[in-house]
Amino acid sequence: MEAIRKEDFPILFRDVHSSKPLIYLDSAASSHKPKYVLNKMDEYYLTSHSNVHRGAHALANKATTLYECARTSVQAFINAKHREEIVFTRGATDAINIVAQGFSLPGPFQLQPGDEIILSVAEHHSNLVPWQMTASKTGAVLKFVQLTQDMQLDMDHYRSLLSSRTKIVALS
């Protein structure tokens, strides 16, 4: 994979607010895509768009093949052991919500009263609120890693929070 450069993101070359260059810092909410990704998206929508895993016709088969090839590519990129480990969601916030809700549902992975979830005091709401809701539903306890003077995670404090009741560590 080649290095990604600012030139790959066409939107970053537009002017806003009286001809001032766009500086976009909200990528956690909406990340911009490089030209290569936009071109592949256009190609998909122009030639292959259909329901994935939901049809037996030619377009559905093509869309499913592309989807599963993407899963294999991601598996290789992140060095996952099994391709089934790769789950696609709409984004990080959606993924965190799915995981947190899963730990509040009845079953073998449901958190129990007194189980511990470790977060940091610097978490974004997208990684805080889902765990607050899960703790509220299950009786789990939230613990928070403090920061050092230079605003880094205090690893000594983190280690002191770990216990046999720690079930989840979610740091962003």
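Look above for the structure.
Residues numbered from 1 in each chain as written. Predicted model: local features only at pLDDT ≥ 70, side-chain atom pairs only at ≥ 80, totals over all residues. Heavy atoms only, no water.

Quick notes on the pattern of salt bridges
Part 1: Going through the model one piece at a time under the given rule, you end up with nine salt bridges.
Part 2: R90 is the salt-bridge partner of D94, the closest N and O atoms lying 3.1 Å from each other.
Part 3: Here R90 falls in the exposed class, since its relative accessible area comes to 78%.
Part 4: Between R165 and D115 there is a salt bridge, with the nearest N and O atoms lying 2.8 Å from each other. Taken as a pair, R165 in the loop between α5 (155-161) and β5 (166-169) and D115 in the loop between α3 (92-102) and β3 (116-120) lie far apart in primary sequence, 50 residues in all.
Part 5: By relative accessible area, R165 is classed as partly exposed at 35%.
Part 6: Accessibility expressed as a relative area gives 6% for D115, which makes it buried.
Part 7: Put simply, R5, E7 and D8 are held in one network by salt bridges that share partners. (Salt bridge = Lys/Arg side-chain N within 4 Å of Asp/Glu carboxyl O. Buried < 20%, exposed > 50% of the residue type's maximum accessible area, 1.4 Å probe, protein only. Helix = DSSP H or I, 4+ residues; strand = E, 2+ residues; numbered from the N terminus.)

Some details on the nonpolar core
Part 1: The biggest cluster of nonpolar side chains holds 11 residues, and these are I96, A100, L111, I117, L119, L128, W131, A135, A140, I168 and A170.
Part 2: At the level of secondary structure, the elements contributing two or more residues to this core comprise α3, β3 and α4 (129-138).
Part 3: Residues within four places of A135 in sequence aside, it is in contact with I117, A140 and L142. (Core = buried A, V, L, I, M, F, W, Y, C linked by side-chain atoms within 4.5 Å. Contact = heavy atoms within 4.5 Å.)

Some thoughts on the side chain of E68
Part 1: Inspection of the secondary structure puts E68 in helix α2 (residues 58-78).
Part 2: Looking at E68, its side chain comes within polar contact range of the side chain of R71, at 2.8 Å.
Part 3: If near-sequence neighbours (up to four positions away) are discounted, E68 is found in contact with H53 and R83. (Polar contact = N/O pair within 3.5 Å; in protein donor to acceptor, adjacent residues only side chain to side chain.)

Looking at α4
It helps to recall that an α-helix has 3.6 residues per turn; residues three or four apart then point in one direction.
Part 1: Every buried residue of α4 is listed here: P130, W131, T134, A135 and T138. Buried positions in α4, seen along its axis, are confined to an arc of 135 degrees and lie on one side of it. Of the residues in α4, the exposed ones pointing more than 90 degrees away from the buried face are S136 and K137.
Part 2: Buried residues along α4 sit against α3, β3, β4 (141-145) and β5.
Part 3: Just beyond α4, the residue with positive phi is G139, at close to 85 degrees. (Arc of directions from axis to C-beta.)

Some words on the pairing of β4
Part 1: Pairing of β3 with β4, which is carried by five bridges, proceeds in the parallel orientation. If you follow I118 over to β4, its bridge partner there is K143.
Part 2: The parallel pair β3 and β4, bridged by α4, forms a crossover whose chirality is right-handed. (Pairing = 2+ DSSP bridges. Right-handed = clockwise from strand over helix to strand, strands pointing away.)

A short note on the packing of aromatic side chains
Part 1: Under the counting rule described, the total for this entry stands at three aromatic pairs.
Part 2: Judged by centre distance (6.4 Å) and plane angle (45 degrees), the ring pair of F103 and W131 falls under tilted. Of this pair, F103 sits in the loop between α3 and β3 while W131 sits in helix α4, and the two are 28 residues apart along the sequence.
Part 3: The exposure class of F103 is partly exposed, given its relative accessible area of 23%.
Part 4: On the accessibility criterion, W131 (3% relative accessible area) is buried.
Part 5: Positioned above the aromatic ring of F13 is the side chain of K6, whose terminal nitrogen or guanidinium carbon lies 5.3 Å from the ring centre. (Phe/Tyr/Trp six-rings, centres within 6.5 Å; stacked < 30°, edge-to-face > 60°. Lys NZ or Arg CZ within 6 Å of the ring centre and 35° of its normal.)

These results come straight from atomic positions and should not be treated as a statement about function.
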